[in-house]
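Residue strings, one per chain:
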Amino acid sequence: MIKAGIIGATGYAGQEIVRILLGHKDTEIKWYGSKSYIDRPYADVFRNMFRLVPDICKGEDFNQLCDEVDVVFTATPQGLCSSLVNEEVLSKVKVIDLSADFRIKDVNVYEKWYGLTHPSPQFIEEAVYGLCEVNREKIRKARLIANPGCYPTCSFLSIYPLAKAGLIDMKSIIVDAKSGTSGAGRGAKVNNLFCEVNESIKAYGVATHRHTPEIEEQLSYASGQETLINFTPHLVPMNRGILVTAYANLVKDVTEEEVRKIYEEVYKDETFVRFLDAGVCPETRWVEGSNYVDVNVKVDERTHRVIMMGAMENLVKGAAGQAVQNMNLLFGLPETTGLLMPPVFP
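Quick caveat: nothing in here was measured; it's all calculated off a predicted structure.

Asker: Any chance you could explain the overall build of the protein chain here in plain terms?
Answerer: Check the secondary structure of the protein chain and you find 12 helices and 13 strands. Whereas a compact globule of 346 residues would reach a radius of gyration of roughly 20 Å, the protein chain reaches 20 Å, a difference of no more than 12%. For the protein chain, the spread of C-alpha atoms along the three principal axes comes to 60 × 45 × 40 Å. A total of 346 residues make up the protein chain; the buried ones form 54% of that total. Summarising the internal contacts of the protein chain: among those between residues at least 6 apart in sequence, 71% fall at separations of at least 24. Of the roughly 15,100 Å² of accessible surface on the protein chain, a fraction of 50% belongs to carbon and sulfur atoms. Averaging the coordinates of the 37 positive side-chain charges in the protein chain and doing the same for the 45 negative ones gives two points 2 Å apart.

Okay, here's the thing in structure tokens:
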């Protein structure tokens, strides 16, 4: 039985880890860490956990936590995990960090985009980027996992097959993405109030969103080429979900049938990436509450461009589900353990 602790258990991603692990037959949650709700019953914070979680929230004593568990999930803002991780910690537990602290290999890029001084850059190189569909063999051997961001996961998996195949101009990519409001976290923000979000849609972080370098870096690894993208996220009035529509110039003439064969080959053995039938556009409602990503592709012969699409649940595959997928790999379990719940509809 894997003993797990969660720092940031009362945020949206932390609560989603709890929800998934409660149905995970090989895991026991030993610690519900929360800076904001110390000594309060967890089920008072999330009433959906009434009679399911009898535990109280504990202070985030990282050293004590590491003595009691096998794996620690840090569902916290940027800068916290990297301030806590050290060699002693990594000698005792596996750490799966849901923040961006260890995702970007160039510390200068991280510090520029996140406006933080990295407190433990010595672990950046060791940390494995936890995108299981690409790095599963590295993940199995890791001590420290950098759980990918939600936008980067959906964007990358939508574009990856053609980047890997060398069929698109890696400096022509435009990523247009939409997310539900849970992506902004549980903290009180005026811009996320119901009256501010309802009946509206808006772009934000235009040309400045900090997921941009993460997407570029991972696509550069996949393609073997320097990648520059235009990434524009949008906030839409729904709780969950991400929709990505990405565009790129083709570097040679290919038919849609040829492109589809590439996607089919790349994703044929991937449980959680569902390549849709021709002409079917991904929709967030068909992945809600699940660890699945739906992708599809369309070749526009008229403009000599390709349109790559993806829909994903931002709190599951974009955060908690991917973290549990990583945990399964770290501990030698079937990758799908605890994650085969079908999407919720309506």
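Asker: Before we go on, may I ask you to explain the environment of Leu-84 in this structure?
Answerer: Its place among the elements puts Leu-84 in helix α4 (residues 80–84). The sequence separation of Leu-84 and Phe-62 amounts to 22 residues, and the corresponding C-alpha distance is 7.2 Å. Apart from the residues lying within four places of it in its own chain, the contact partners of Leu-84 are Ile-7, Phe-62 and Val-89.

Asker: Please clarify how the sheet that holds strand β11 (residues 273–275) should be interpreted in this entry.
Answerer: Through backbone hydrogen bonds, the strands of a sheet pair up, either in parallel or in antiparallel fashion. Read from one edge of the open sheet, 7 strands run β8-β9-β7-β10-β13-β12-β11, paired in mixed fashion. Both outer strands of the open sheet, β8 (202–203) and β11, are each paired with one neighbouring strand and no more. By the bridge criterion, 6 bridges tie strand β7 (residues 173–179) to strand β10 (residues 242–249) in an arrangement that is antiparallel. Among the inter-strand pairings, Val-175 is bridged to a residue of β10, identified as Ala-246. This element, helix α8 (residues 150–165), spans β7, β9 (229–235), β10, β11, β12 (293–300) and β13 (305–312) of the sheet and lies at about 140° to β13.

Asker: Please explain the pattern of salt bridges as it appears in this structure.
Answerer: In a structure, side chains of opposite charge can pair up when their charged atoms sit close to one another. Overall, the coordinates contain 22 salt bridges when judged by the stated rule. Glu-256 serves as the salt-bridge partner of Lys-298, at 3.6 Å between the closest nitrogen and oxygen. With a gap of 42 residues between them, Lys-298 in strand β12 and Glu-256 in helix α11 (residues 256–267) connect regions that are remote in the sequence. On the accessibility criterion, Lys-298 (44% relative accessible area) is partly exposed. In the salt-bridge network here, residues are joined through shared partners; they are Glu-16, Arg-19, Arg-240 and Glu-313.

Asker: Explain α8 to me, please; I cannot follow it from the model alone.
Answerer: The periodicity of an α-helix, 3.6 residues per turn, causes residues three or four positions apart to be oriented the same way. In a regular helix each residue adds 1.5 Å, so 16 residues correspond to 22 Å; α8 covers 24 Å between its end C-alpha atoms and thus fits that length. The element α8 is largely enclosed, with a buried count of 14 among its 16 residues. The positive-phi residue at the C-terminal boundary of α8 is Gly-166, with phi of around 70°.

Asker: Teacher, can you tell me more about the packing of α8 against α11 here?
Answerer: The description of two helices packed together rests on the angle between their axes and the distance between the axes. One can describe the packing of α8 onto α11 by two numbers: an axis separation of 10 Å at closest approach and a directional angle of 105°. As summarised for this structure, α8 and α11 are arranged roughly perpendicular, according to the angle between their axes. Facing Leu-157, Ser-158, Ile-159, Tyr-160, Pro-161, Leu-162 and Ala-165 of α8, the residues of α11 in contact are Val-259, Ile-262, Tyr-263, Val-266 and Tyr-267. Among the residues forming the contact of α8 with α11, the class breakdown is 11 nonpolar, 1 polar and no charged.

Conventions used here
Residues numbered from 1 in each chain as written. Predicted model: local features only at pLDDT ≥ 70, side-chain atom pairs only at ≥ 80, totals over all residues. Heavy atoms only, no water. Helix = DSSP H or I, 4+ residues; strand = E, 2+ residues; numbered from the N terminus. Rg over C-alpha atoms; globule rule 2.2 N^0.38 Å. Buried < 20%, exposed > 50% of the residue type's maximum accessible area, 1.4 Å probe, protein only. Contact = heavy atoms within 4.5 Å. Areas by Shrake-Rupley, 256 points an atom, 1.4 Å probe, with all protein chains shown as cover. Lys, Arg positive; Asp, Glu negative; His and termini not counted. Charge placed at Lys NZ, Arg CZ, Asp CG, Glu CD. Pairing = 2+ DSSP bridges. Axes fitted to C-alpha atoms, helices over the stretch in contact; angles between N-to-C directions. Salt bridge = Lys/Arg side-chain N within 4 Å of Asp/Glu carboxyl O. Expected span 1.5 Å × (residues − 1). Parallel < 35°, antiparallel > 145°, perpendicular 65-115°, else oblique. Nonpolar A, V, L, I, M, F, W, Y, C, P; charged D, E, K, R; others polar.

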